[in-house]
Amino acid sequence: MMQSKKTKFGFSSLSLAISFALAGTVVSSQAFAADEEVAKKENVEKIAVVGSRAAPRSIGDSPVPVDIISSDDLKKNGSTDMIDMLVTSVPSFNSRAQPISDAATLVRPVNLRGLPSDSTLILVNGKRRHRASVIAFQGGGINDGAQGPDISVIPGVALKQVEVLRDGAAAQYGSDAIAGVMNFVLKDASEGGSITVSQGEYYEGDGAATTIDGNIGLPLTDDGFVNISAQYKTADATSRSVQRPDAAAIADAGNTSILNPAQTWGNPEINDDFTVFVNSGFDINDNTHLYAFGNVSSREATGGFYYRNPQDRDLVYSKVNPDTGEKELLVGAINGDQSTCSAVPANVPNVLNTPEYLAMVADPNCFSMNQIRPGGYTPQFTGKIEDMSFFAGIKGTSGEWNYDVSAGTGSNKSTFGLKNSLNPSLGLATPTDFDTGSYEQVETTFNADMNRFVTIGGLEDISFATGFEWREESFEIGQGEEASWIAGPYADQGFNIGSHGFKGFGPESAGKNKRNNIGVYTDVEAYLTDDFLLGLALRYENFSTFGDTLNYKLTAQYIATDELSFRASHSTGFRAPTVGQENVVNTQTSIVNGELIQTFIAPPTNPLAAFYGGKTLNPEESVSYAAGFVYEYENLFLTVDYYNIEVTGRIAQSSQIDVEASDYDALRAAGVEFPELISAVTYYSNDFDTTTQGVDVVGSYSMDLFSGDAKFSLAYGWTDTSVDKFDEATTDLGKVRRLEDGIPAHRATLTWGQSWDDLSTSVRANYFGEYYATHADDTSDWGSETADAAVTIDVEVSYAVMDNLTVSVGANNIFDQEAQKLKDGTLGALGAVYYESGPFDYNGGYYYGRVNYRF
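Residues take numbers from 1 onward in each chain, read along the sequence in its written order. Side-chain atom pairs in this predicted model are given and counted only at pLDDT of 80 or more, local residue features only at pLDDT of at least 70, and totals for whole chains, interfaces and linings cover all residues. Side-chain measures here rest on the full set of heavy atoms in the structure, leaving out hydrogens and waters.

**Let's talk about the overall build of the protein**
Logical step 1: Strands are runs of DSSP state E lasting at least 2 residues, helices are runs of H or I lasting at least 4, and numbering of each runs from the N terminus. If you tally the helices and strands in the protein, you get 10 helices and 41 strands.
Logical step 2: Throughout, the radius of gyration refers to the C-alpha atoms, and the reference size of a globule is 2.2 Å times the residue count to the power 0.38. Computed over its C-alpha atoms, the radius of gyration of the protein comes to 28 Å, within 12% of the 29 Å expected for a compact globule of 855 residues.
Logical step 3: Of all 855 residues assigned to the protein, the portion counted as buried reaches 59%.
Logical step 4: For the protein, the share of sequence-separated contacts (at least 6 apart) that also reach a separation of at least 24 residues comes to 71%.
Logical step 5: The charge count treats Lys and Arg as positive and Asp and Glu as negative. His and the chain ends do not count. One atom stands in for each charge, and that atom is NZ of Lys, CZ of Arg, CG of Asp or CD of Glu. Averaged over its 57 positive side-chain charges, the protein has a centre that lies 4 Å from the centre of its 112 negative ones. Categorising residues by exposure relies on relative accessible area from a 1.4 Å probe, with only protein chains included: less than 20% of the type maximum marks a residue as buried, more than 50% marks it as exposed, and the intermediate range marks it as partly exposed. The contact rule is simple, with two residues in contact once any of their heavy atoms fall within 4.5 Å.

Next comes the structure, spelled out in structure tokens:
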């Protein structure tokens, strides 16, 4: 049994950062050296600081389930994206590709234990990480409307390890910890370093990616360290596309302006993706320690949008004649009188060679957008993500008390643009490239924490902690250039307003909104007997926008034998709606029944949203239960944990609500401009009550095999979500099914690592169970079905050419397991072959090589 013990500074249970012996921000430089020596031992016990505010303890002695993924484990993956690394390491952690998904293409949402990305609290060195400015408007059901942190900005080279707490922890760490906590521990060495060059591409010959990263540890006199990590990478786009039948038909009819393929489904192109992380610490004396860390990061991405058919895209190229019901070109009149322009039928093989079209073009008063883009067009979405953070603090001891005072700030800014688009309301004078504006998320945090050990009666070493947190969060929408949002002279003739595909943010949308909150907590943990651990946490928070909340958590662990222990927890939790969810504005192009529709995303209190039922957002509330056991015998380690999470008032993006012609007058009276040009509206609401339950199994076994050392690791997760209640007025049944079945109920990863003196291999089998597959978030019968289970195999071989030089080659999905193909009738209809909602990379097999030099 591992009892709670004081560290050099007497630290036990104040906050994650207080006990960061692993992060190198608590202990002295002598302790750093000792840790380095311990780390060299092959079977070093894994120590975690998340899950309990008592002293760091082994994951086997933790009263709640914690996974620890070492830096070496993260490297055994062809991808250098942190999300991909974690998907193969943590049960119940999932993410999906986002080929055509507006800003979510730039920042992929993730989910832990069946809950959205903003239900997992992200920490770096124990300090709260700011969330991304991107909101996932098409998040595959679970993540619709989620605004979580961008963990892909954290490079593996900067990390000592990642700690994943799979247990509700809002009462311990505050909002966003309903699903759990992920703590990214930065390297703290004061000497040595590494340089790594990786390159790979998909079997199809595209998506070539190059990554260069490095790390160096430097002494800060004899009493401190500065550890610097940097990464630079680029990646080409991929295409898993086929020519759309509608585009092919028009091309066959003689339109020579049609591209093949007209539209691309694939990964975006990534350029100039760089990040720098710095971690530092300094001992003023034996009782006082200074620390600071932060990052600067940036990347640019270019991805595709949907193809705009030159004869069948309403409000741009076409309209429906209300008298005949037939599709016609949308013809504009320069003099404002459309009746002076003759109708041009659009339900023909090629409108460009019809007499009606040629006559219209010859009339200087009449025009259509075909004259600018005769073959239609596919907008390209561009974005630049800039991310920075800085935290600094002082910690130490004063008498019997330990303290930690820190402050930090972080920001994430997304600047958006469109290429190859139009503002149809400007007519033939429209530009084709646009700067559409930006989102920026800024968070500032101050923490003051104290803890000590106390004795009450016969109980010794009771860990008592208390502290205070103040946080301010802001979300700002930056205005786009005028041409991207203005209603041009032809808006009242039925032409769409703004840059098509992603309307720019106008002055009515631009501005900053912010809120602040304070939190106060207390935490007590003690061994009531030598074998029974009991913990209690309470946290009170008050938000400036919607009031206060009080939450609690109980944890217990019973050590039955030297090999077997049982653990359980019960907690209440909450997740505050983000400032972005309360105030975001956007225009989204969605697919419903195979047809593109333009949807306006509005704040819930916006006149348009309020007209269709939008209300002020309230916090989500949760109740969690968990129970499991830990079994350790010689080289075998096994944990099995069951969890049950009930969430009420779950925040999600509503389904598209049609804007009816009968409502136009009332909407205008409410202040909505040009309601006839808005097909549908969606907003964020407390739509759902859900229950998510599951079982996580984590095991490992080490043995001598083939004259070398072998380690077998298993991570299995079963996740089941049921929607207990939802608002039928704002939610369709397809959205409910995505929440319940959108990710595989069963996920498993089995890894075999084998090593000899200079040679090591890793073979990983990934199992993905059945799931509800949707195409581009279309939940109609047209675009969805139940997808089959699949297995992918990853292989890596490494050889130490010299003591400090290692060469590795490998492949993810080495047997090129094909993703789920779209069903008959849907296959290729929108230029795609595979469902984009799959749990593994639809691009297929990926091979890579890597060279690592250590010094």
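**Quick look at the pairing of strand β40 (residues 805-812)**
Logical step 1: Taking burial as the measure, the eight residues of β40 include six buried ones, the bulk of the element.
Logical step 2: For two strands to count as paired, DSSP must find a minimum of two bridges between them. As consecutive antiparallel partners, strand β39 (residues 790-802) and β40 are separated by two residues.
Logical step 3: Sheet topology places β40 next to strand β41 (residues 846-854); eight bridges connect them, and they run antiparallel. Bridge pairing links N812 to Y846 in β41.

**Things to note about the pairing of strand β30 (residues 636-653)**
Logical step 1: Bridge count between strand β29 (residues 620-633) and β30: 13 bridges; the pairing is antiparallel. Note that in β30 the partner of E632 across the bridge is F637.
Logical step 2: In this structure, the hairpin formed by β29 and β30 is closed by a connection of two residues, where E634 is found at a positive phi of approximately 50°.
Logical step 3: With 16 bridges joining them, β30 and strand β33 (residues 684-705) adopt antiparallel strand pairing.

**Re the nonpolar core**
Logical step 1: Ranked by internal contacts, the top residues of the largest apolar core, which has 46 residues, are Y439, V584, L608 and Y684.
Logical step 2: Beyond its immediate chain neighbours, meaning those up to four positions away, V584 contacts I135, F137, Y439, F475, I477, I601, A602, P603 and Y684.
Logical step 3: Here, the term nonpolar core denotes a set of buried Ala, Val, Leu, Ile, Met, Phe, Trp, Tyr and Cys residues that are joined through side-chain atoms within 4.5 Å. Formed by 34 residues, the second largest nonpolar core is a distinct cluster that contains I83, V87, A158 and I645.

**A few points about helix α10 (residues 733-741)**
Logical step 1: Along α10, the positions that sit buried rather than exposed are G734, K735, V736, R738 and L739.
Logical step 2: Looking at the buried side of α10, the elements it contacts are β30, β33, β34 (708-726) and β37 (771-774).
Logical step 3: Pairs of N or O atoms are called polar contacts if they sit within 3.5 Å, as long as, within protein, a hydrogen donor faces a hydrogen acceptor (for residues adjacent in sequence, only side-chain-to-side-chain pairs). Measuring from the backbone nitrogen of G734 back to the side-chain oxygen at the start of α10 gives 2.9 Å, which picks out D732 as the cap.

**Regarding the sheet that holds strand β9 (residues 180-186)**
Logical step 1: Pairing within the open sheet is mixed, and its five strands lie in the order β3-β8-β9-β6-β7. Each end of this open sheet is capped by a strand with a single partner; those strands are β3 (66-70) and β7 (127-128).

**Quick notes on the state of the cysteines**
Logical step 1: Criterion for a disulfide: a pair of cysteine sulfur atoms within 2.5 Å. The full count for this structure, using the stated rule, is one disulfide.
Logical step 2: Sulfur-sulfur distance for the disulfide between C341 and C366 comes to 2.0 Å. Between C341 and C366, the S-S dihedral sits near -95°, and the bridge is therefore left-handed. Note that C341 is positioned in the loop between β17 (332-333) and α6 (355-362) and C366 in strand β18 (residues 366-367), a separation of 25 residues in sequence. Like C366, C341 is buried.

**Points about the packing of aromatic side chains**
Logical step 1: Here a pair means two rings of Phe, Tyr or Trp (six-membered ring of Trp) with centres within 6.5 Å. Their orientation is stacked below 30 degrees between planes, edge-to-face above 60, and tilted elsewhere. The tally for this structure, following the rule as stated, stands at 24 aromatic pairs.
Logical step 2: With a centroid separation of 5.5 Å and 15° between ring planes, the pair formed by F305 and F381 is classed as stacked. Of this pair, F305 sits in the loop between β14 (288-304) and β15 (318-320) while F381 sits in strand β19 (residues 380-398), placing them 76 residues apart in sequence. For the residue pair F305 and F381, the accessibility class agrees, reading buried in each case.
Logical step 3: Pairing F381 with F502 gives two aromatic rings, centres 5.1 Å apart and planes at 45°, and the pair type is tilted. With a gap of 121 residues between them, F381 in strand β19 and F502 in the loop between β22 (459-478) and β23 (511-527) connect regions that are remote in the sequence.

**Remarks on the side chain of N812**
Logical step 1: Looking at where N812 falls in the secondary structure, it is placed in strand β40.
Logical step 2: When residues no more than four places from it in sequence are discounted, the contact partners of N812 are N77, G78, S79, R764, I793, D794, G845, Y846 and Y848.

**Some words on the environment of A745**
Logical step 1: Take A745: it is sitting in the loop between α10 and β35 (746-755).
Logical step 2: Looking at A745, the relative accessible area reads 25%, which means it is partly exposed.
Logical step 3: Separated by 26 residues in sequence, A745 and T719 place their C-alpha atoms 4.9 Å apart.
Logical step 4: Excluding residues within four positions of it along the chain, A745 makes contact with G717, W718, T719 and E770.

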